[in-house]
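Single-letter residue listing:
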Amino acid sequence: MERRVVITAEACICPIGRSAEQIADNLLRGVSGVRPLREDPVLGPYLHSRVFGTVDEPIEYDFARQHRKTMGPVSYYACQAVKELLERAGLEPDFIRSGRLGVAFGSIHGSPTVQREVYSKLLDGEGPGPKRIGAADYLKSMVHTTAVNITRMFGITGRVISSCTACTTGSQSIGFGYEAVKYGLQDAMICGAADEYDLTTVAVFDNLLACSTAFNDEPHRTPRPFDARRDGLVVGEGAGAVLLETLDGARSRGATILAELIGFACGNNGGDLILPNAEGVEATIRAGLDNARIAPGEVDLVSAHATATRMGDVVEAQAMHAVYGDRPWVTALKSYVGHTMSACGALETIFTLYMLERGIIYPTLNLEEVDPRCAMIRHVREPIEAELDTVAVQSFAFGGVNTCLLLRRFAP
Amino acid sequence: MTREQARDRILSILSESFEIENPDPDADLRAQHMFDSIDAIELLASIEDLLGRELSQEEKQRAVDIRSLNQIVDYVVELAGAGR
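Residues numbered from 1 in each chain as written. Chains lettered and ligands numbered in written order. Predicted model: local features only at pLDDT ≥ 70, side-chain atom pairs only at ≥ 80, totals over all residues. Heavy atoms only, no water.

Participant: Which residues make up the overall build of chain B, and what are the values?
Facilitator: What chain B contains, in helices and strands, is 5 helices and 0 strands. Reading the secondary structure of chain B in the N-to-C direction produces α-α-α-α-α. For chain B, the C-alpha radius of gyration of 12 Å lies close to 12 Å, the compact-globule estimate for 84 residues. Taking all 84 residues of chain B together, 37% fall into the buried category. In chain B, of all internal contacts separated by at least 6 residues, the share reaching a separation of at least 24 is 60%. Carbon and sulfur atoms provide 44% of the accessible area of chain B, an area that totals close to 5000 Å². When the 9 basic and 19 acidic side-chain charges of chain B are each reduced to a single mean position, those positions are 5 Å apart. (Helix = DSSP H or I, 4+ residues; strand = E, 2+ residues; numbered from the N terminus. Rg over C-alpha atoms; globule rule 2.2 N^0.38 Å. Buried < 20%, exposed > 50% of the residue type's maximum accessible area, 1.4 Å probe, protein only. Contact = heavy atoms within 4.5 Å. Areas by Shrake-Rupley, 256 points an atom, 1.4 Å probe, with all protein chains shown as cover. Lys, Arg positive; Asp, Glu negative; His and termini not counted. Charge placed at Lys NZ, Arg CZ, Asp CG, Glu CD.)

Participant: Can you break down the overall build of chain A residue by residue, with the values?
Facilitator: A count of helices and strands for chain A gives 14 helices and 15 strands. For 412 residues, the compact-globule estimate of 2.2 N^0.38 gives 22 Å, and the C-alpha radius of gyration of chain A, at 20 Å, lies within 12% of that figure. Overall, the C-alpha framework of chain A stretches about 65 × 55 × 40 Å when taken along its three principal axes. Among the 412 residues that make up chain A, the fraction classed as buried is 63%. Of the contacts made within chain A by residues no fewer than 6 positions apart, 79% connect residues no fewer than 24 positions apart. For chain A, the exposed area adds up to about 15300 Å²; of that, 52% sits on carbon and sulfur atoms. Across chain A, the mean location of the 39 positive side-chain charges is 4 Å away from that of the 50 negative side-chain charges.

Participant: Lay out empty space enclosed by the protein with the relevant residues and their values.
Facilitator: Under the definition given, this model contains 1 cavity of 30 Å³ or more. The space that makes up the largest cavity amounts to roughly 50 Å³. For the lining of the largest cavity, a count of residues per class yields 5 nonpolar, 3 polar and 3 charged. (1 Å grid on protein atoms, 1.4 Å probe; cavity = no way out; pocket = protein on both sides within 12 Å on 5 of 7 lines; lining within 4 Å. Points joined across faces, edges and corners; volume = space filled by probe spheres on them. Nonpolar A, V, L, I, M, F, W, Y, C, P; charged D, E, K, R; others polar.)

Participant: Could you give an account of the pairing of strand E8 (residues 259-268) of chain A, naming the residues involved and the relevant values?
Facilitator: All names here are of chain A. The element E8 is extensively covered by neighbouring structure, given that 8 of its 10 residues are classed as buried. As paired strands, strand E1 (residues 5-13) and E8 are joined by 3 bridges and run antiparallel to one another. Its bridge partner lying in E8, Val 6 is registered against Glu 260. As defined by bridge partners, E8 adjoins strand E15 (residues 401-408) across 8 bridges and the pair is classed as antiparallel. Pairing of Phe 264 across the sheet is with Leu 405, part of E15. (Pairing = 2+ DSSP bridges.)

Participant: Mind laying out the interface of chain B and chain A, listing which residues take part and the relevant values?
Facilitator: Across the contact, 13 residues belong to chain B and 11 residues belong to chain A. Taken together, the two surfaces of chain B and chain A that pack against each other cover about 900 Å², and 47% of this comes from carbon and sulfur. Three residues, B:Glu19, B:Met34 and B:Ile38, lead the burial of chain B against chain A; their summed loss comes to 46% of the area buried on that side. Where chain B meets chain A, there are 6 salt bridges. Between B:Asp39 and A:Lys69 there is a salt bridge, and its shortest N-O distance comes to 2.7 Å. The interface formed by chain B and chain A holds 7 residue pairs in polar contact (both at pLDDT 80 or more) in total. (Buried area = accessible area lost by both parts, 1.4 Å probe. Salt bridge = Lys/Arg side-chain N within 4 Å of Asp/Glu carboxyl O. Polar contact = N/O pair within 3.5 Å; in protein donor to acceptor, adjacent residues only side chain to side chain.)

Participant: Before we move on, can you summarise the environment of A:Ile161 with the specific residues and values?
Facilitator: All names here are of chain A. Within the fold, Ile 161 resides in strand E5 (residues 160-161). Separated by 113 residues in the primary sequence, Ile 161 and Ile 274 have C-alpha atoms spaced 25 Å apart. Ignoring anything within four residues of it in the chain, the contact list for Ile 161 reads Val 103, Ala 104, Phe 105, Ala 147, Phe 176 and Met 189.

Participant: Summarise the packing of helix H1 (residues 20-29) of chain A against helix H14 (residues 344-358) of chain A; cite the residues concerned and give the values.
Facilitator: All names here are of chain A. The N-to-C vectors of H1 and H14 enclose an angle of 85°; their axes lie 10 Å apart at closest approach. The angle between H1 and H14 falls in the class roughly perpendicular. Within the contact between the two elements, H1 uses Ala 20, Glu 21, Ile 23, Ala 24 and Leu 27 and H14 uses Phe 351, Tyr 354 and Arg 358. Along the lines of polarity and charge, the residues of the contact of H1 with H14 split into 6 nonpolar, no polar and 2 charged. (Axes fitted to C-alpha atoms, helices over the stretch in contact; angles between N-to-C directions. Parallel < 35°, antiparallel > 145°, perpendicular 65-115°, else oblique.)

Participant: Residue-level account of the sheet that holds strand E6 (residues 188-195) of chain A, with values.
Facilitator: Adjacent strands of a sheet form backbone hydrogen bonds with each other and so pair up, either parallel or antiparallel. Residue and element names in this part refer to chain A. Strand order in the open sheet formed by 11 strands is E5-E4-E6-E7-E1-E8-E15-E14-E9-E10-E12, with mixed pairing between adjacent strands. The open sheet is flanked by E5 and strand E12 (378-379), the only strands paired with a single partner. Judged from the 8 bridges that link them, strand E14 (residues 390-397) and E15 form a sheet pairing that is antiparallel. Its bridge partner lying in E15, Ala 392 is registered against Leu 406. Where helix H7 (residues 145-154) meets the sheet, its contacts fall on strand E4 (101-106), E5 and E6, and the angle it forms with E4 comes to roughly 150°. Lying on the sheet, H14 is in contact with E1, E6, strand E7 (238-246), E8, strand E9 (301-303), strand E10 (329-331), E14 and E15; it crosses E1 at an angle near 110°.

This is the structure:
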């Protein structure tokens, strides 16, 4: 049994805003959410990259203590986004607790802030370290902390999927949630990902020479996907959540349908865990198109993974060109918010919903001079009015994981 | 430590760490204030700070059936006496 799956609500917290109106306006005006690093006496002095896609807006977490006590920052983000998602979705309380609604939500490695606190207690020499580890510290920091804090806070009893595949976490959440609904395992899924402000992630990419360092004094000018002067990724933070449900279910309750999710594929390069691989990416794109049962020529726009590393963007451009030629528009949305790690696939899917709804393609920011090695695809360099029908969202991760989601404007 | 002193300190801990204000002394804290097993472990750590000593595993096991403020106070007073 296969069922049509639609997206009926979205919510996000990201470096360029909280609401669809605010974020769409910032995308249209080319506003960047990349800012200088906050002070960090432990890691700060050792980092070459001094920029971060930062959520500076104060967020009101009006959660009860019994919910707050098991949350680190990443779960606050996730639960706040899902709280807003459920407020917008208008699901019946009985349905939320029925077991027919599940959660697919993750982060790259739980809460690094809490993990740092735990290791500080163990190593600071100020007392019996193990005894100072709090009863809730593991619940705050474990890999699936976002997913199960969501289930606890909202009383959700359906299946739990908590992907933790680095930068494909969010796209896998949506993809695996899509499969759960499509094949009748659940009637609806809350899908997404979150990651918190964390400089250990910056340190990891900094050490790999993958972080942007040339624009520390002008944070808004980096990252620069596909640009000749790009010099690496910019780590960011945020959370994105979407509600997937069956078309029939959405129709029967009169829900607003934002888009139909028509296909998903996930594959692996089958080799190196870091280096991007054009064949692997191309295979995943083709598998996504097969899953959606559409031809490459039907895709109007690709939201590229495009982290702005020197090699990754070239490999992705090659793979896209091999599948699509130069027909679809290509935009790289990390140019506005940085690489929000696990959340990127969810946030970029949500930004794509805004483009489908508004009929506007938001361009790749900071794309001033296209790298000749990336010039064979159809870049978007200024806002374009376009009646979009079908859109692909690509995400790739350390470990050689590749994903492709395909969305379509809903045609009743 | 007198019973009054223990009661005041526990009320203070319940307020500051668990946002529980002036509970009914005999009420089931779990049922009325969602005080769960995670909270119980945190409270035991606070009781260790209050007594200025580490509790044995046996002493901690005895707390498993505690449900109310009065039972917590009884437990602390008994431990304080035992440690004297």
